[in-house]
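Fold and contact review
What follows is the residue order along each chain.
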Amino acid sequence: MKPKANIVNLPVYQPGKPVEEVKRELGLSEVIKLASNENPYGCSPKAKEAIVAELGNLSVYPDGSAADLTAAVASHLGVDKKEIIFGCGSDEVIALITRAFLLPGDETVMADQTFSVYKTNADIEGAISIEVPLVDGKHDLDAMLAAVNDKTKIVWVCNPNNPTGTIVGEEELVRFLDAVPSHVMVVLDEAYNEFVTDASYPQSMKLMDRYKNLVILRTFSKIYGLAALRIGYGVAQAEVIGLINRVREPFNTGRPAQAAAAAALRDQAFVNECRRLNAEGISYLQKEFDRLGLNYFPAHGNFILVDVRTSGKEVFQHLLYKGIIVRPGFERYPNYIRVSVGTPEQNQAFIGVLEQVLRNVKTPV
Ligand SMILES: *Cc1c(COP(=O)(O)O)cnc(C)c1O
């Protein structure tokens, strides 16, 4: 058997270590996972009720067009129903976009470093990823613009950026969108948008009419706390959505996921409370990092990339032995770990153990 040449050397995505695995391997009873930017408060109870109500329908195929959820999201965002597409997580929407728009040899521009899923999917299509270094952990939109040429099909802007947590403000974004040729698609990945409290953050839905080449990605996995159900979406002009829809599997999102997402959307009180608690968690962690003399990028999502000034992988391993899972191993940031914001108790436990670990890890850099 001969696989497509471009997939042979693809890296396999390295997810955060699951709690069960760490408990089993290390014989720990208590494990705190701060590695995958999950919501430590779970999800809205209304979402759980919606799933229970779906239990009688498990033998029935879902509505492939997710009509009820589409209507709910359209009215929540103030966009047309034809401007939305759902995926098995926004990860799938990324894959659908690359499948629909990238041919072998096409170019696609993204930050270095950013969410790895863009490049992986571009690689699968045989497209060429032009990776533009971040500056101070932030997208360098001028340099990204300069990287756009006749072969460029898609530019990815992850806002807030994973893993650095930095944001692009509305002014910068608009200047960029004004300059990007209209035949180049700009994908704005806003997986963490509901966490952002900074006033400069773009009101992206309002930019949709002005920029026909804009695609916005959102998800129910992060603040809505429904990562297990795998549901996210893209918003764009109806024609663009129509094209992406052609490569979508007929039943790519399940009934429980659609029902839970619609119920979760209706519970904005839960979302607001999670945003507030997350902001408190961010300030607590930043204050503690200041106390410990550790640098970090200004965090706008529900995670912080912090400089531990020694091998991030080593610090990760030591934290793991003490039952705390974080995320090391970002290529451009070998001496950093990414930590998700937990509950106040989890954040305190993390800081306590980190302080201990850093005292004992002596490897000089
Ligand atoms: C978590 C995340 C996603 C998508 O997650 P799904 O669970 O597939 O919806 C997309 N982009 C970024 C930057 C993320 O961090």
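Residues numbered from 1 in each chain as written. Predicted model: local features only at pLDDT ≥ 70, side-chain atom pairs only at ≥ 80, totals over all residues. Heavy atoms only, no water.

With that settled, the discussion passes to the pattern of salt bridges. Evaluated as defined, the whole model comprises twelve salt bridges. Between Arg 255 and Glu 54 there is a salt bridge, with its nearest N and O atoms 2.9 Å apart. Placement of the pair is Arg 255 in helix α9 (residues 255–266) and Glu 54 in helix α2 (residues 45–54), with a sequence separation of 201 residues. Assessed through its relative accessible area of 13%, Glu 54 is described here as buried. In this structure, Lys 138 engages Glu 172 in a salt bridge whose closest nitrogen and oxygen atoms are separated by 3.3 Å. In this pair, Lys 138 is assigned in the loop between β4 (128–133) and α6 (141–146) and Glu 172 in helix α7 (residues 170–179), connecting sequence segments 34 residues apart. What makes Lys 138 partly exposed here is its relative accessible area of 28%. Taking the relative accessible area as the measure of exposure, Glu 172 reaches 24% and is therefore partly exposed. (Salt bridge = Lys/Arg side-chain N within 4 Å of Asp/Glu carboxyl O. Helix = DSSP H or I, 4+ residues; strand = E, 2+ residues; numbered from the N terminus. Buried < 20%, exposed > 50% of the residue type's maximum accessible area, 1.4 Å probe, protein only.)

For the rest of this paragraph, the subject is unusual backbone geometry. Following Asn 159, the chain continues into Pro 160 via a peptide bond in cis, with omega recorded as -5°. As for its placement among the helices and strands, Pro 160 is situated in the loop between β5 (152–158) and α7. Positive phi outside glycine occurs at Asn 37, with the angle close to 55°. Along the chain, Asn 37 turns up in the loop between β1 (32–33) and α2.

Examined at the domain level, the protein chain breaks down into domain 1 (5–42 + 269–360) and domain 2 (45–266). Here the C-alpha centre of domain 2 lies 24 Å away from the C-alpha centre of domain 1. Contacts between the two partners involve 26 residues from domain 1, matched on the other side by 31 residues from domain 2. When domain 1 packs against domain 2, the two sides together hide about 2400 Å² of surface, and 62% of this comes from carbon and sulfur. On the domain 1 side of the contact with domain 2, Arg 275, His 300 and Phe 303 bury the most area, a combined 24% of that side's loss. Here domain 1 and domain 2 share one salt bridge between them. The residue Arg 332 makes a salt bridge to Asp 112 at a minimum N-O spacing of 2.8 Å. Between the two partners, domain 1 and domain 2, sit ten residue pairs in polar contact (both at pLDDT 80 or more). (Domains from an automatic or database assignment. Contact = heavy atoms within 4.5 Å. Buried area = accessible area lost by both parts, 1.4 Å probe. Polar contact = N/O pair within 3.5 Å; in protein donor to acceptor, adjacent residues only side chain to side chain.)

Let us now look at the site of the ligand. In the vicinity of the ligand, 13 residues are found, and the nearest of them are Asp 189, Tyr 192, Thr 219, Ser 221 and Lys 222. Tyr 192 places a side-chain nitrogen or oxygen 2.6 Å from an oxygen atom of the ligand. With respect to the ligand, the side chain of Ser 221 contributes an N or O atom lying 2.5 Å from an oxygen atom. Taken by itself the ligand offers 390 Å² of open surface, and the protein chains cover 94% of this. For the shell around the ligand, the residue count by class is four nonpolar, five polar and four charged. (Near = heavy atom within 4 Å. Areas by Shrake-Rupley, 256 points an atom, 1.4 Å probe, with all protein chains shown as cover. Nonpolar A, V, L, I, M, F, W, Y, C, P; charged D, E, K, R; others polar.)

The next subject is the pairing of strand β7 (residues 214–219). Regular strands place side chains that alternate from one sheet face to the opposite one. Here β7 lies mainly inside the structure; six of its six residues are buried. One ladder, built from four bridges, connects strand β6 (residues 185–189) with β7; its direction is parallel. Along β7, the bridge assignment pairs Asp 189 with Leu 217. One ladder, built from four bridges, connects β7 with strand β8 (residues 232–235); its direction is antiparallel. Paired with Thr 219 across the two strands is Gly 232, which belongs to β8. (Pairing = 2+ DSSP bridges.)

A separate point is a nonpolar patch on the surface. Together, Val 52, Leu 55 and Leu 58 make up a nonpolar patch on the protein surface, roughly 320 Å² of accessible area in all. Within the secondary structure, Leu 55 is located in the loop between α2 and α3 (67–77). (Patch = residues over 30% accessible without salt bridge, like charges linked within 9 Å, V, L, I, M, F, W, Y side chains within 5 Å.)

Further remarks concern the packing of helix α4 (residues 90–101) against helix α5 (residues 117–124). At their nearest, the axes of α4 and α5 sit 9 Å apart, and the two run at 35° to each other. Crossing hand, α4 versus α5: right-handed. When α4 is examined against α5, the residues Asp 91, Ile 94, Ala 95 and Thr 98 are found in contact with a partner set consisting of Val 117, Tyr 118, Asn 121 and Ala 122. When the residues that make up the contact of α4 with α5 are grouped by side-chain class, the tally is five nonpolar, two polar and one charged. (Axes fitted to C-alpha atoms, helices over the stretch in contact; angles between N-to-C directions. Left-handed = near helix turned anticlockwise from the far one by under 90°.)

Another aspect to go through is the packing of aromatic side chains. Scanning the entire structure with this criterion turns up twelve aromatic pairs. Ring centres of Phe 86 and Tyr 233 lie 5.6 Å apart, and the angle between their planes is 55°; on these two criteria the pair is classed as tilted. Here Phe 86, found in strand β2 (residues 84–87), pairs with Tyr 233, found in strand β8; they are 147 residues apart in sequence, far enough to count as distant. Of the two residues, Phe 86 and Tyr 233, both sit in the buried class. Judged by centre distance (6.4 Å) and plane angle (90°), the ring pair of Phe 289 and Phe 350 falls under edge-to-face. You can see Phe 289 sitting in helix α10 (residues 268–291) and its partner Phe 350 sitting in helix α12 (residues 344–360), a full 61 residues away along the chain. Across the pair, exposure class does not vary: Phe 289 and Phe 350 are buried alike. Positioned over the ring face of Phe 303 is Arg 338, at 5.7 Å from the centre of the ring. (Phe/Tyr/Trp six-rings, centres within 6.5 Å; stacked < 30°, edge-to-face > 60°. Lys NZ or Arg CZ within 6 Å of the ring centre and 35° of its normal.)

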